[in-house]
Amino acid sequence: MFYDYLVIALYFILILAIGVVFSRMASKSTSDYFRGGGKMLWWMVGSTAFMAQFSAVTFTGAAGKAFADGFAISAVYLGNTFAFFCGWAYFSQRFRQMRVDTPTEGIKRRFGPQNETFFSWALIVFSFLNAGVWLNALGVFTSAVFDADIAYTIIAIGLTVLFVSVLSGAWGVVASDFVQTLVVAVVSIACAVVALVKVGGPVELVENFPGGFFIGPNMNYPLILIGTFIFFLPKQIITMMNLHDSFRFLNAKDSINARKAALLAMTLMGVGTIIWFIPPWAAATLYPDAPENYAQLGNKAADAVYLVFARNAMPIGTVGLLMAGLFAASMSSMDSALNKNAGIFVRSIYQPFLAKRNRQTDDKKLLRLSQVVSFISGIGVIVAALYFASLRELSLFELMMSVSTMIQMPMMVPLLLGVIIKKTPQWAPWATIAVGLVVSWLVANVITGEVFVSMFGIESLTKREIIDMNIILTIAGHVFVTGGFFWATSLFYNEAKDKNKVETDRFFEDLETPIISDNQQDETDQQQRRKLGNMVMVMSVGILLMALIPNPYWGRIMFAVCASIICVIGFFLKRSAINKISVKN
């Protein structure tokens, strides 16, 4: 474990260095702190959009689902891919064209100040829950690696992420996301290649999977699986392409870069959908009793299957690199949430509070307040993660799906449809959420999966089928009932009583007006390329040094190849900065 500890330590030093290097760029104004002043290039924005959707749940809860049920887990991530496609085709450039610094400012422009206040508090609380799920997932995995108490693990990791987020703001968050994307790519590809070799190739991987690869075990009605895939497509669009999650694209320097960012995120998600799960699929054949090694995790034992694979099949040091990837995934998700919460509180709660009392404060003081809010938000996330860790009867995948379908979807339906449907009364958003929460309660307690299928003469379902059926019913309820309710509110729209009509008209006009960057931010572009190029090349040197770890030759060659690929990326980033300077001169 010495080499694993060393790899993790060097990784944290690199991430802290990124925070320090980019902290100056985030210290100029609150706009720079919240969204990099809207000056970021597409490859930075695309990587952070991708990493914001990617968390330790992928390597833990989702991996456990892949180990147990085979290909079915891909439905979630294919849904993510399709959502990013919709972002490229329609949403990404329009979100950037809202011309705001925070998501709730966009909500204010669309729905008015009262809805801004309501959603500000609601979204902050939801961010605690969502980031708490991510941090809990990382805590589960880390405690298994180091055989440590999960509560202490969550606290230690949470405080580390908190420090980086408060220090560097959006610039540090996005820059670290780009570097962390490379870490995740290295870990995923290396593990996938070794897994395929160990299991005998893709054909053997599919044919030897216990219970059937495409359907999986404990599935008597494959139609349920097909329904899950179909309904995950609208579900991921609702939870990813809405006014709240518009923060993914607010950082882009113009409309074109926003679209390119969505396209990059779509490509990364599409390729990763298969690569990520090859190791747990292979482990189902190679190490079928893997969960027994972590019985102390209860029903979450299968969520440590990636660790089992790395320890048994990969060269020494890979567990440390895998942990670095997990830290990368969770840090990305958590620091984005903290940075976003700070922006929401300062711009949509604190400043309106001052305005009502005819008071003002300068931007520097607001910047300091933003850092304090990020710190407090981080403590809230840690508390939420500790609570989720106590729910040992739920697997991480079930926990993630419960939070996403029952709580997140009712909130996001009006924030998605509000970009498409223009004429709705001001009470439509919060009334839609109320209807959505009722739908979630009905599916959980009244019209459950078992009750629904009994209407068709099906008397019994397996536990897996019950979980999937409940997910289908919840999504269907929100798509048709909750979404239908929001659309129906347009029937009650009265233009004469719409106090926000002028701003709403301007909002929709801006949505269709492209933002075109000028040459005045060339220096900022060069800084992004140069600084990240240097950081990526430093990381490649660290991975190259892993070739010195006493491993078989194939293991050393693997680390050398990974380091070379990353070094080439860093080199071209630096070279692009030099070329820009030459062209300007």
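Above this text is the structure in question.
Here we summarise the structure given alongside this text.

Reading guide: rules and limits
Residues numbered from 1 in each chain as written. Predicted model: local features only at pLDDT ≥ 70, side-chain atom pairs only at ≥ 80, totals over all residues. Heavy atoms only, no water. Buried < 20%, exposed > 50% of the residue type's maximum accessible area, 1.4 Å probe, protein only. Helix = DSSP H or I, 4+ residues; strand = E, 2+ residues; numbered from the N terminus. Contact = heavy atoms within 4.5 Å. Core = buried A, V, L, I, M, F, W, Y, C linked by side-chain atoms within 4.5 Å. Lys, Arg positive; Asp, Glu negative; His and termini not counted. Salt bridge = Lys/Arg side-chain N within 4 Å of Asp/Glu carboxyl O. Polar contact = N/O pair within 3.5 Å; in protein donor to acceptor, adjacent residues only side chain to side chain. Patch = residues over 30% accessible without salt bridge, like charges linked within 9 Å, V, L, I, M, F, W, Y side chains within 5 Å. Areas by Shrake-Rupley, 256 points an atom, 1.4 Å probe, with all protein chains shown as cover. Axes fitted to C-alpha atoms, helices over the stretch in contact; angles between N-to-C directions. Parallel < 35°, antiparallel > 145°, perpendicular 65-115°, else oblique. Nonpolar A, V, L, I, M, F, W, Y, C, P; charged D, E, K, R; others polar.

Take helix α7 (residues 103–111) next. Burial of α7 is extensive: eight of the nine residues sit out of reach of the surface. Listed in full, the buried residues belonging to α7 are Pro103, Thr104, Glu105, Gly106, Ile107, Arg109, Arg110 and Phe111. Following α7 by one or two positions, glycine 112 adopts a phi angle in the positive range, close to 100°.

The subject of this paragraph is the environment of arginine 556. Looking at the element boundaries, arginine 556 is found in helix α24 (residues 553–584). Its relative accessible area of 29% is what places arginine 556 among the partly exposed residues. Sequence separation of arginine 556 and proline 315 is 241 residues, and the distance between their C-alpha atoms is 8.1 Å. With near-sequence residues (within four places) excluded, arginine 556 lies in contact with Ala547, Leu548, Ile549, Pro550 and Asn551.

In this section: the nonpolar core. In this structure, Met241, Leu243 and Phe249 are the most contacted members of the largest nonpolar core, which totals 124 residues. By residue number, the principal contributor to this core is helix α9 (residues 150–199), which donates 15 residues. With residues up to four places along the chain from it excluded, the contact list for phenylalanine 249 reads Val45, Ala49, Ser92, Phe95, Arg96, Met241, Ala258, Ala261 and Ala262. Listed in part, the 13 residues of the second largest apolar core include Ile157, Val166, Ala337 and Ile382.

Right, let's talk about the side chain of glutamate 116 for a bit. Along the chain, the position of glutamate 116 falls in helix α8 (residues 113–146). One buried charge, glutamate 116, has no salt-bridge partner; the nearest side chain with opposite charge is lysine 108, at 4.3 Å. At 2.8 Å, the side chain of glutamate 116 and the side chain of serine 348 are in polar contact. Setting aside anything within four residues of it in sequence, one finds glutamate 116 in contact with Thr104, Glu105, Ile107, Lys108, Arg347 and Ser348.

Taken together, the side chains of Tyr152, Ile155, Leu159, Val372, Phe375, Ile376, Ile379 and Val383 define a hydrophobic patch exposed on the protein surface, amounting to about 760 Å² of accessible area. For the nonpolar patch, the secondary structure elements donating two or more residues are α9 and α17 (363–389). Per-element accounting of the nonpolar patch gives the leading share, five residues, to α17. Summarising the element assignment, isoleucine 376 is placed in helix α17.

A few words on unusual backbone geometry. Residue arginine 99 is not a glycine yet carries a positive backbone phi of 60°. If you trace the backbone, arginine 99 turns up in the loop between α6 (74–96) and α7. Given a relative accessible area of 36%, arginine 99 falls into the partly exposed group.

Secondary-structure assignment places aspartate 289 in the loop between α14 (278–286) and α15 (305–313). Given the relative accessible area of 48%, aspartate 289 is considered partly exposed. As for aspartate 289 and alanine 302, which are separated by 13 residues in sequence, their C-alpha atoms are 9.4 Å apart.

Our next topic: the packing of α7 against helix α22 (residues 501–511). Remark: α7 packs on α22, axes separated minimally by 6 Å, with the N-to-C direction vectors making an angle of 120°. What the angle tells us is that α7 and α22 run oblique. Only Glu503, Thr504, Arg506, Phe507, Phe508 and Asp510 of α22 make contact with α7, whose side of the interface consists of Gly106, Arg109 and Arg110. When grouped by side-chain class, the residues that make up the contact of α7 with α22 number two nonpolar, two polar and five charged.

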